[in-house]
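If you want the building blocks of each chain, they are given just below.
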Amino acid sequence: MYSRVYVEITDICNRNCSFCPGTKRAPRRMSTEEFKIIAEKLKNITKYLYFHVMGEPLTHPDLAELIRIARENGYRPAITTNGTLLAKRGQEIVEAGIYKINISVHSFEEGKTEDYIRYIQNCLDFADYASKNGVLTVLRLWNLGYDKGRNIDTLAMLREKFPHEWTQGTRGARIRDKLHLEYGERFEWPDMEAEDRGNSVYCYGLKDHFGILCDGRVIPCCLDREGAITLGNIFNDTQTVEEMLSSPRALAMREGFTKRQATEELCRKCGYARRFG
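Residues numbered from 1 in each chain as written. Predicted model: local features only at pLDDT ≥ 70, side-chain atom pairs only at ≥ 80, totals over all residues. Heavy atoms only, no water.

### With respect to the side chain of Glu-34
With respect to the helices, strands and loops of the structure, Glu-34 is situated in helix H1 (residues 32–41). Here Glu-34 falls in the buried class, since its relative accessible area comes to 17%. Engagement of the side chain of Glu-34 in a polar contact is seen with the side chain of Arg-28, the distance being 2.7 Å. (Helix = DSSP H or I, 4+ residues; strand = E, 2+ residues; numbered from the N terminus. Buried < 20%, exposed > 50% of the residue type's maximum accessible area, 1.4 Å probe, protein only. Polar contact = N/O pair within 3.5 Å; in protein donor to acceptor, adjacent residues only side chain to side chain.)

### Focus on the nonpolar core
Ranked by internal contacts, the top residues of the largest apolar core, which has 85 residues, are Leu-42, Phe-51, Ile-93, Leu-139 and Phe-210. Per-element tally for this core: the top contributor is helix H4 (residues 113–132), with 8 residues. With residues up to four places along the chain from it excluded, the contact list for Phe-210 reads Tyr-2, Arg-4, Val-5, Tyr-6, Leu-42, Ile-45, Val-218, Ile-219, Pro-220, Cys-221, Val-241 and Leu-245. (Core = buried A, V, L, I, M, F, W, Y, C linked by side-chain atoms within 4.5 Å. Contact = heavy atoms within 4.5 Å.)

### Description of the sheet that holds strand E5 (residues 136–144)
With respect to topology, 11 strands assemble into an open sheet ordered E6-E7-E8-E5-E4-E3-E2-E1-E9-E10-E11, the strand pairing being mixed. Two strands bound the open sheet, and with one partner strand each, they are strand E6 (167–169) and strand E11 (232–233). Two elements, strand E7 (residues 172–176) and strand E8 (residues 179–185), share 4 bridges in a ladder whose sense is antiparallel. Looking at E8, one finds that Ala-173 is bridged to Leu-181. Set on the sheet, helix H2 (residues 63–72) makes contact with strand E2 (48–51) and strand E3 (76–81); between it and E2 the angle comes to about 170°. In the packing of helix H5 (residues 150–161) onto the sheet, the strands contacted are E5, E6, E7 and E8, and the crossing angle to E5 comes to about 160°. (Pairing = 2+ DSSP bridges. Axes fitted to C-alpha atoms, helices over the stretch in contact; angles between N-to-C directions.)

### Focus on the pairing of strand E1 (residues 4–7)
Neither face of E1 is exposed, since Arg-4 and Tyr-6 on one face and Val-5 and Val-7 on the opposite face are all buried. As defined by bridge partners, E1 adjoins strand E9 (residues 209–212) across 4 bridges and the pair is classed as parallel. Bridged to Tyr-6 within E9 is Gly-211. Inspection of the sheet shows E1 paired to E2 by 2 bridges, in the parallel sense. Paired with Tyr-6 across the strands is Tyr-50, a residue of E2. On the question of chirality, the crossover connecting E1 to the parallel E2 by way of H1 is right-handed. (Right-handed = clockwise from strand over helix to strand, strands pointing away.)

What follows is the structure, given as structure tokens:
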């Protein structure tokens, strides 16, 4: 089974963060009926659904219902969010049964100071509430190498909010039970218009995960934001998900990665994959 599948419930976002390239696709939200199709078709493929590729999942009006549907079908649902709507909708998704939430707390790294402070405080208040209610909560600082100086302030606010001893790790820290801080380098998203970085590439796409865009297209990894490598469409009944993942194109990609070779042009232009050597 795959460790997770990224299900993009919407490509609509309420922010224009400096680290995110956005998408050229038409604005779209996945319907509850479409999500039920996905929940049925992925039952033997994964137990973890991550509501994210592009877009902000908290902008979806039916997010709580989608979480409940996932839970009823035996999944552990997770979201990645910029955190701006947690003050309004945080309690709703916790009560719906969200299993894990990743919060990108560098979303205001270039914003006004007063907006940044209010934003961080809201994120930390929610992190406190969610983790105390059993939700695995991860605060992400995936901006190493680009920090505008606000990581120092962010960490100071974290220490003030959670002053007890942290358990430090190589890529972050365990703040307390169910609450973690995670570091990561800022990276360049794969883009067909980007420079070719060469054929030597290793990736976990199609090994432990794949993605589904909000229009149903199945993609090999969570960073193929435009669907440049489309393996099929999950809303099309003529082909099963298993058949899509075992197609000649998918098999070539998977075999290529075992040899650290890219078989797709998009993979040659991916900055994120370089962190795997």
